[in-house]
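Topology and contacts: notes
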Amino acid sequence: MAYAVSELIQAGHQHIAYIGHLSEYDIRRRLDGYRRALAEHGLPYRPEYVFDTEEHVQVAGIAAAQKILRSHIPVTALFAGTDHNALGAMTCFQEAGKRVPEDIAVVGYDTHS
């Protein structure tokens, strides 16, 4: 978890959003890894960069990515708590004319996809 976010930071990303189902213990651990990686690299944790998907399915990733696009937050990378959410987000970004990974890098983390 923290490793994946660290890789995004080392690739030059400083505006990294997080999407995931925040009400489950395992996903909260992923959010903690996201926060830890930001702190280890001296980047602030921004609550407005965190989006609850409420589910692990692809359509929830699409909905979270739509929220990111509507927010006008200058996100250049996304860490998704599940691969399904990541796939949904990538679909949404591409349909909105964003190039993945050129305009926005996307990383999904899953223990059993």
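Heads up: these notes are all about the structure in this document. None of these values were measured; they are calculated from a predicted model.

1. Here's the deal with the pattern of salt bridges
The tally for this structure, following the rule as stated, stands at one salt bridge. For the salt bridge of Arg99 with Asp103, the shortest nitrogen-to-oxygen distance reads 3.0 Å. Judged by its relative accessible area of 48%, Arg99 falls in the partly exposed class.

2. Observations concerning the environment of Leu31
Relative to the helices and strands, Leu31 resides in helix 2 (residues 25-40). Accessibility expressed as a relative area gives 12% for Leu31, which makes it buried. In this structure, the C-alpha to C-alpha distance between Leu31 and Ala60, residues 29 residues apart in sequence, is 17 Å. Leave out the neighbours within four places in its chain, and Leu31 touches Tyr18, Leu22 and Val50.

3. Considering the nonpolar core
In this structure, Ile16, Ile19, Tyr34, Ile68, Leu78 and Phe93 are the most contacted members of the largest nonpolar core, which totals 34 residues. Where this core is concerned, the elements lending two or more residues are helix 1 (2-10), strand 1 (16-20), helix 2, strand 2 (50-52), helix 3 (58-71), strand 3 (77-80), helix 4 (83-95) and strand 4 (105-108). Per-element tally for this core: the top contributor is helix 1, with five residues. Ignoring anything within four residues of it in the chain, the contact list for Ile19 reads Phe51, Thr53, Gly61, Ala64, Ile68, Leu78, Phe79, Ala80, Gly81, Asn85 and Ala89.

4. Observations regarding the packing of helix 3 against helix 4
Taken N-terminus to C-terminus, the directions of helix 3 and helix 4 make an angle of 50 degrees; their axes are 6 Å apart at the nearest point. By the angle between their axes, helix 3 is oblique relative to helix 4. In the packing of helix 3 onto helix 4, the handedness of the crossing is right-handed. Counting all contacts with helix 3, which are made through Gln58, Ala60, Gly61, Ile62, Ala65, Gln66, Ile68 and Leu69, the residues of helix 4 involved are His84, Asn85, Leu87, Gly88, Ala89, Thr91, Cys92 and Phe93. Taken together, the residues of the contact of helix 3 with helix 4 sort by class into nine nonpolar, seven polar and no charged.

About the cut-offs
Residues numbered from 1 in each chain as written. Predicted model: local features only at pLDDT ≥ 70, side-chain atom pairs only at ≥ 80, totals over all residues. Heavy atoms only, no water. Salt bridge = Lys/Arg side-chain N within 4 Å of Asp/Glu carboxyl O. Buried < 20%, exposed > 50% of the residue type's maximum accessible area, 1.4 Å probe, protein only. Helix = DSSP H or I, 4+ residues; strand = E, 2+ residues; numbered from the N terminus. Contact = heavy atoms within 4.5 Å. Core = buried A, V, L, I, M, F, W, Y, C linked by side-chain atoms within 4.5 Å. Axes fitted to C-alpha atoms, helices over the stretch in contact; angles between N-to-C directions. Parallel < 35°, antiparallel > 145°, perpendicular 65-115°, else oblique. Left-handed = near helix turned anticlockwise from the far one by under 90°. Nonpolar A, V, L, I, M, F, W, Y, C, P; charged D, E, K, R; others polar.

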